[in-house]
Amino acid sequence: MTVWIVVLAAAAGSYLFRLSMIVLADRYTLPPTLERATGFVAPAAFAALAAAGVATACLGLGASQAAAPLAAVAVAVIAVLRTGSGYAAILAGMPTLWIATALLPS
Amino acid sequence: MLTLVADRRDLAAGARAMAPWLVGIVPFGLVIGLSAAQADIPTLAGWLTGPLILAGSAQIAMIQMLDAGATPVVVVLAALVINLRLIFYSATMARYWRGTPWWWRLVAAYLIIDPSFAVGMDGYGRPVDRRRGHAYYLGGAALMWVAWVGAITVGATLGTGLPAWLHLEFVIPLFLLGEAVTKLGDPALRRAIFAAATVAVLSLAAPLHLGIVLAIVAGIAAGLTVQPRPRPSRQQPGQLAEVAR
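Residues numbered from 1 in each chain as written. Chains lettered and ligands numbered in written order. Predicted model: local features only at pLDDT ≥ 70, side-chain atom pairs only at ≥ 80, totals over all residues.

### A short note on the overall build of chain A
(1) Moving on: Within chain A, the secondary structure is distributed over four helices and zero strands.
(2) Moving on: Beginning at the N terminus, the succession of helices and strands in chain A can be written as α-α-α-α.
(3) Moving on: C-alpha extents for chain A along the principal axes are approximately 65 × 40 × 20 Å.
(4) Moving on: Each of the 106 residues in chain A was classed as buried or not, and the buried ones make up 44%.
(5) Moving on: In chain A, of all internal contacts separated by at least 6 residues, the share reaching a separation of at least 24 is 45%. (Helix = DSSP H or I, 4+ residues; strand = E, 2+ residues; numbered from the N terminus. Buried ≥ 20, exposed ≤ 12 C-beta atoms within 10 Å, placed from the backbone. Contact = placed C-beta atoms within 7 Å.)

Right under this line is the structure:
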């Protein structure tokens, strides 16, 4: 139940953002610092969620298997730096994760 | 205002301008659909974020946080912080939509997101009458919407019933990591990324999963400490599409 409410609330809020200045532009202007700040939001959120996701995966797997996601992350970073494509992280990281998980003792 | 027969050519031109963005939109939609199917939430709820929120980064953050059991208020807060930029897009589009009928503003506003914004600005920037700009925007945004929702649907359908050993729950962290790594070349973004990642790990045990919101705020603050460089050129298609950000 809560999940649906969360989705609807975020949807309503996002729609109001989209509509906001179309309705209010004549009365308000936005500070440039805020505009610059919004450019950092998505990269910061992505980094935060990625770091938290990897850390949670490691903690959930236990000491013996925790090296698997870390290996996947290392290979993914190298792949992205080499190719310049974000999707390379998935294409290189997932097979690494499967191999490492299979090789490590459970 | 939009007489569809007369504007068909502009609608098609807008759709063509959107085509390069599909390279980013479609894989991202697939990842989101897949994650919606894998997460510990009803798949339909995850799918609904597509047509209802229409903003990839907010959607992926929400699915990830709901799956982790974060408190509802914090999930909504995180999604809205990520979507704050829509207010700026709204302000920019307001200029072109002044004096248009309400139904148009309500529909056109719903479709505002990074790719449609970029294509729309391209259309309005041409020295043609504004009505043709509207058709151009609508043509691009409509194609984007169909590709986005379609890709999420395919991902959500394929994502159910895949074996556990595939560890598909790790696709999202890897995707997010990959996107973050591509931004490391910019000094301000680099600082924002490292600050956010550090705070996220340190605050892993923070109550209500507030750590993610804290980390985003820390990232923004860290990024702002770097002196801005002269404005970079406009976003180009092929960069991660943001229905996709």
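### Notes on the overall build of chain B
(1) Moving on: From N to C terminus, chain B includes 12 helices and zero strands.
(2) Moving on: The linear arrangement of helices and strands in chain B, starting from the amino end, is α-α-α-α-α-α-α-α-α-α-α-α.
(3) Moving on: Here chain B has a C-alpha radius of gyration of 19 Å; the compact-globule value for 245 residues is 18 Å, and the two agree.
(4) Moving on: Expressed along its principal axes, the backbone C-alpha trace of chain B runs to roughly 55 × 50 × 30 Å.
(5) Moving on: Across the 245 residues of chain B, 53% fall into the buried class.
(6) Moving on: Counting contacts in chain B only where the partners sit at least 6 residues apart, residues at least 24 apart contribute 77% of the total. (Rg over C-alpha atoms; globule rule 2.2 N^0.38 Å.)

### Section: the nonpolar core
(1) Moving on: Grouped together as the largest cluster of nonpolar side chains are 124 residues, with contacts concentrated most on A44, A48, A76 and A89 of chain A together with A78, A196 and I216 of chain B.
(2) Moving on: The element contributing the most residues to this core is helix α2 (residues 32–61) of chain A, with 15 residues.
(3) Moving on: The residues touching A78 of chain B, leaving out its near neighbours within four places in the chain, are A61, M65, I212, V213 and I216 of chain B. (Core = buried A, V, L, I, M, F, W, Y, C linked by C-beta atoms within 7 Å.)

### What to know about the interface of chain A and chain B
(1) Moving on: Residue-level contacts link 59 residues of chain A with 72 residues of chain B.
(2) Moving on: If one sorts the elements of the side of chain A that touches chain B by residue count, α2 of chain A sits on top with 22 residues.
(3) Moving on: Of the residues belonging to the side of chain A that touches chain B, the class tally is 45 nonpolar, 11 polar and three charged. (Nonpolar A, V, L, I, M, F, W, Y, C, P; charged D, E, K, R; others polar.)

### Details of the packing of helix α2 (residues 22–38) of chain B against helix α4 (residues 56–67) of chain B
All names here are of chain B.
(1) Moving on: Between α2 and α4, the shortest axis-to-axis distance is 10 Å and the interhelical angle comes to 20°. On the basis of their axis angle, the class for α2 and α4 is roughly parallel. As for the relative orientation of α2 and α4, their crossing is left-handed in sense. In this structure, α2 uses F28, I32, S35 and A36 to contact α4, whose residues at the interface are G56, Q59, I60 and I63.
(2) Moving on: Across the contact of α2 with α4, the residue classes tally to five nonpolar, three polar and no charged. (Axes fitted to C-alpha atoms, helices over the stretch in contact; angles between N-to-C directions. Parallel < 35°, antiparallel > 145°, perpendicular 65-115°, else oblique. Left-handed = near helix turned anticlockwise from the far one by under 90°.)

### Thoughts on the domain arrangement of chain A
(1) Moving on: Partitioning chain A into domains gives domain 1 (1–30) and domain 2 (40–106).
(2) Moving on: When each unit is reduced to the centre of its C-alpha atoms, the spacing between domain 1 of chain A and domain 2 of chain A is 34 Å. (Domains from an automatic or database assignment.)

### Focus: the packing of helix α1 (residues 8–18) of chain B against helix α8 (residues 114–124) of chain B
All names here are of chain B.
(1) Moving on: Put simply, α1 and α8 touch, their axes get as near as 10 Å, and they point 130° apart. As far as their axial angle goes, α8 and α1 are oblique. Classified by chirality, the crossing of α8 by α1 is right-handed. Judged by residue contacts, G14, A17 and M18 of α1 engage P115, V119, D122 and G123 from α8.

### Describing unusual backbone geometry
Residues and elements named next belong to chain B.
(1) Moving on: With a phi angle near 50°, L54 is a residue other than glycine that sits in the positive phi range.
(2) Moving on: The phi angle at H167 is positive, at roughly 50°, despite the residue not being glycine.
(3) Moving on: Looking at the element boundaries, H167 is found in the loop between α9 (130–159) and α10 (171–182).

### Things to note about the environment of R27 of chain A
(1) Moving on: Along the chain, the position of R27 of chain A falls in the loop between α1 (2–24) and α2.
(2) Moving on: For the pair formed by R27 of chain A and G93 of chain A, sequence separation is 66 residues and the distance between their alpha carbons is 49 Å.

### Looking at the environment of M21 of chain A
(1) Moving on: Locating M21 of chain A in the fold gives a position in helix α1.
(2) Moving on: The buried category is assigned to M21 of chain A, around which 24 C-beta atoms lie within 10 Å.

### What about the domain arrangement of chain B?
Residue and element names in this part refer to chain B.
(1) Moving on: Looking at chain B, the domain boundaries give domain 1 (8–159) and domain 2 (167–224).
(2) Moving on: Contact with domain 1, which involves 15 residues of that partner, is made by 11 residues of domain 2.
(3) Moving on: Mapped onto the side of domain 1 that touches domain 2, the elements with two or more residues apiece are α2, α4 and α5 (72–82).
(4) Moving on: Along the lines of polarity and charge, the residues of the side of domain 1 that touches domain 2 split into 10 nonpolar, five polar and no charged.

### Notes on the environment of A141 of chain B
All names here are of chain B.
(1) Moving on: Residue position: A141 is located in helix α9.
(2) Moving on: Given 26 C-beta atoms within a 10 Å radius, A141 is considered buried.
(3) Moving on: Sequence separation between A141 and Y110 is 31 residues, and the spatial gap between their C-alpha atoms is 9.8 Å.
(4) Moving on: Excluding its chain neighbours within four sequence positions, the residues that come into contact with A141 are L111 and S116.

### Section: α1 of chain A
(1) Moving on: Counted at 1.5 Å a residue, the expected span for α1 of chain A with its 23 residues is 33 Å, and the 32 Å between its end C-alpha atoms agrees.
(2) Moving on: Roughly 30° is the biggest bend found in α1 of chain A, and it falls at R18 of chain A.
(3) Moving on: Taken together, the buried positions of α1 of chain A are occupied by V3, V6, V7, A10, A11, S14, F17, R18, L19, M21 and I22 of chain A.
(4) Moving on: Residues of α1 of chain A that are buried sit in contact with α3 (43–53), α4, α5, α6 (85–97) and α7 (102–110) of chain B. (Expected span 1.5 Å × (residues − 1). Bend = angle between axes of the 7 residues up to and from the residue.)

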